[in-house]
Amino acid sequence: MDKTESFAVIGIGQFGSALCEALVEAGQEVLAIDSNEEVINDLAGSVMRAVIADAQDEEALKDLSIGTFDHVYVSIGKDIEASIMATLIAKDLGAKDVICRAENRNHARVLQRVGADLVVRPEHDLAKRLIFAKLNPSLIDYVHISDDTTIAEVTVVNPRFFNKTLSELDFRNRYQVNVIAIVTKDDQANTLPAGEDRVEKGNRITVLGKTENIQHLNEIIGEGRKFNGCTELIKALSRRGSTSSQGEPSGRHWVRSRVLASPFVDGSANRFCRRRGSSRRTL
């Protein structure tokens with residue numbers, strides 16, 4: 001992060017501890033809150049301030065000025081009631097950005113109802129990623145912009161793509177995806193590619209499109225794998241946990257595909273620490 005902001009983390013379990021660690025590494029001001037004295041004592045030396053307090057005690061959170069923090073993370077695990085109450089109190093005290101971890105779908109729905117700005121379910125999201133990765137070995141990682149939209153990156157190794165302009169390759173009409181960036185082998189990025197910009201050997205092309213079209217593109221110029229079943233599995237998980245064309249190059253191993261990392265599922269919780277805006281949503 002380029003600037004320092006204030007963060008309160010309520011609930012210091014494994015996930016809360018990972019959040020604190022990532023925030024400290026990013027040079028941010030962190031207040032850690034938990035009712036377990038031993039947990040707070042272990043963390044006291046690494047964060048700006050660590051306090052023993054009951055997340056359901058409105059006066060205690062008021063004394064800690066929870067409403068003045070730039071971001072409040074409610075990472076309480078099994079105690080769903082405490083999670084809901086902490087979220088409600090934080091919003092009532094004026095916290096403008098409250099991000100919550102939910103244990104299940106119903107928990108997530110209640111957190112949204114009481115004012116959570118963002119609700120995440122790390123285990124649920126990780127399960128979707130594991131299924132996607134297992135059924136799609138050529139895709140290293142991915143970002144779902146919405147339930148049916150994905151950002152992916154492909155490395156061009158097919159000679160039929162070399163020294164061709166984007167207009168000539170016509171990704172939009174052939175594959176129904178938009179090229180939003182081209183990165184050269186020496187990591188020079190063109191983030192506003194135009195039709196006359198050329199694709200060279202080894203370039204990495206970032207594309208945005210419907211998940212099924214990204215998968216279709218990978219099937220054609222990736223490893224030739226068909227994985228429509230993966231789409232159905234991901235859709236099923238999403239429902240459970242949330243409110244060849246003409247002119248196409250062919251052949252195996254012409255383009256190696258990788259998809260950009262998810263901002264919410266990460267062992268270190270680093271990406272979860274990024275500011276996510278104010279709209280309420282569940283992932």
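Residues numbered from 1 in each chain as written. Predicted model: local features only at pLDDT ≥ 70, side-chain atom pairs only at ≥ 80, totals over all residues. Heavy atoms only, no water.

Chemist: Account for a negative patch on the surface, naming residues and giving values.
Modeler: On the surface, a cluster of negative charge is made up of Asp-54, Asp-57, Glu-58, Glu-59, Asp-63, Asp-79, Glu-81 and Asp-92. Sorting the residues of the negative patch by element identifies helix H3 (58-63) and helix H4 (80-92) as the ones contributing at least two each. At three residues, the largest contribution of residues to the negative patch is made by H3. Topologically, Asp-92 is positioned in helix H4. (Patch = residues over 30% accessible without salt bridge, like charges linked within 9 Å, V, L, I, M, F, W, Y side chains within 5 Å. Areas by Shrake-Rupley, 256 points an atom, 1.4 Å probe, with all protein chains shown as cover. Salt bridge = Lys/Arg side-chain N within 4 Å of Asp/Glu carboxyl O. Lys, Arg positive; Asp, Glu negative; His and termini not counted. Charge placed at Lys NZ, Arg CZ, Asp CG, Glu CD. Helix = DSSP H or I, 4+ residues; strand = E, 2+ residues; numbered from the N terminus.)

Chemist: I'd like a rundown of unusual backbone geometry, residues and numbers included.
Modeler: We note that Ser-65 has phi near 55°; this positive angle belongs to a residue other than glycine. As for its position among the elements, Ser-65 is in the loop between H3 and strand S4 (71-74). By relative accessible area, Ser-65 is classed as partly exposed at 33%. Located in the positive-phi region is Gln-176, a residue other than glycine, with phi close to 60°. Structurally, Gln-176 can be placed in the loop between helix H8 (171-175) and strand S10 (177-183). Classification of Gln-176 as partly exposed rests on a relative accessible area of 42%. (Buried < 20%, exposed > 50% of the residue type's maximum accessible area, 1.4 Å probe, protein only.)

Chemist: With reference to specific residues and values, describe the sheet that holds S4.
Modeler: An order of S3-S2-S1-S4-S5-S6 is seen for the six strands of this open sheet, with the pairing classed as parallel. Each edge of the open sheet carries a strand with a single partner, namely strand S3 (49-52) and strand S6 (118-120). Averaged over all adjacent pairs, the angle separating strand axes in this sheet is 15°, with direction ignored. Bridge analysis of strand S2 (residues 29-34) against S3 gives four bridges, and the strand direction is parallel. Within S3, the residue paired with Ile-33 across the bridge is Val-51. (Pairing = 2+ DSSP bridges. Axes fitted to C-alpha atoms, helices over the stretch in contact; angles between N-to-C directions.)

Chemist: Account for the pairing of strand S7 (residues 143-146), with residues named and values stated.
Modeler: Here three bridges tie S7 to strand S8 (residues 149-156), and the two strands are oriented antiparallel to one another. Of the residues in S8, the one forming a bridge with Val-143 is Ile-151. Hairpin geometry of S7 and S8 is characterised by an intervening segment of two residues between the two adjacent antiparallel strands.

Chemist: Describe helix H1 (residues 14-25), and please don't skip the residues or the numbers.
Modeler: Counted at 1.5 Å a residue, the expected span for H1 with its twelve residues is 16 Å, and the 17 Å between its end C-alpha atoms agrees. Along H1, the residues that are buried comprise Phe-15, Gly-16, Ala-18, Leu-19, Cys-20, Ala-22 and Leu-23. Note on H1: the residue one or two positions beyond its end, Gly-27, has a positive phi of about 80°. (Expected span 1.5 Å × (residues − 1).)

Chemist: Tell me about the nonpolar core, and please be specific about residues and values.
Modeler: Ile-10, Leu-31, Ile-33, Ile-66, Val-72 and Val-74 are the most contacted members of the largest nonpolar core, which has 28 residues in total. Those elements that provide at least two residues to this core are strand S1 (6-10), S2, H3, S4, H4, strand S5 (98-101) and helix H5 (105-113). Considering every element that reaches this core, the biggest residue donor is H4, with five residues. Not counting residues within four places of it along the chain, the set of residues in contact with Ile-66 comprises Ala-8, Leu-31, Ile-33, Leu-61, Val-72, Ala-90, Leu-93 and Ala-95. Counting residues in each nonpolar core, the second largest holds 16 residues, with Leu-169, Val-179, Ile-182 and Leu-217 among its members. (Core = buried A, V, L, I, M, F, W, Y, C linked by side-chain atoms within 4.5 Å. Contact = heavy atoms within 4.5 Å.)

Chemist: Would you mind going over the pattern of salt bridges in detail, with residue names and values included?
Modeler: Evaluation of the coordinates by the stated rule reveals eight salt bridges. We note a salt bridge from Glu-5 to Lys-3, for which the minimum N-O separation is 3.6 Å. The partner of Glu-103 in a salt bridge is Lys-78, and the shortest N-O contact between them spans 3.6 Å. Of the two residues, Glu-103 sits in the loop between S5 and H5 while Lys-78 sits in the loop between S4 and H4, which places them 25 residues apart along the sequence.

Remember that the coordinates give geometry; whether it matters functionally is a separate question.
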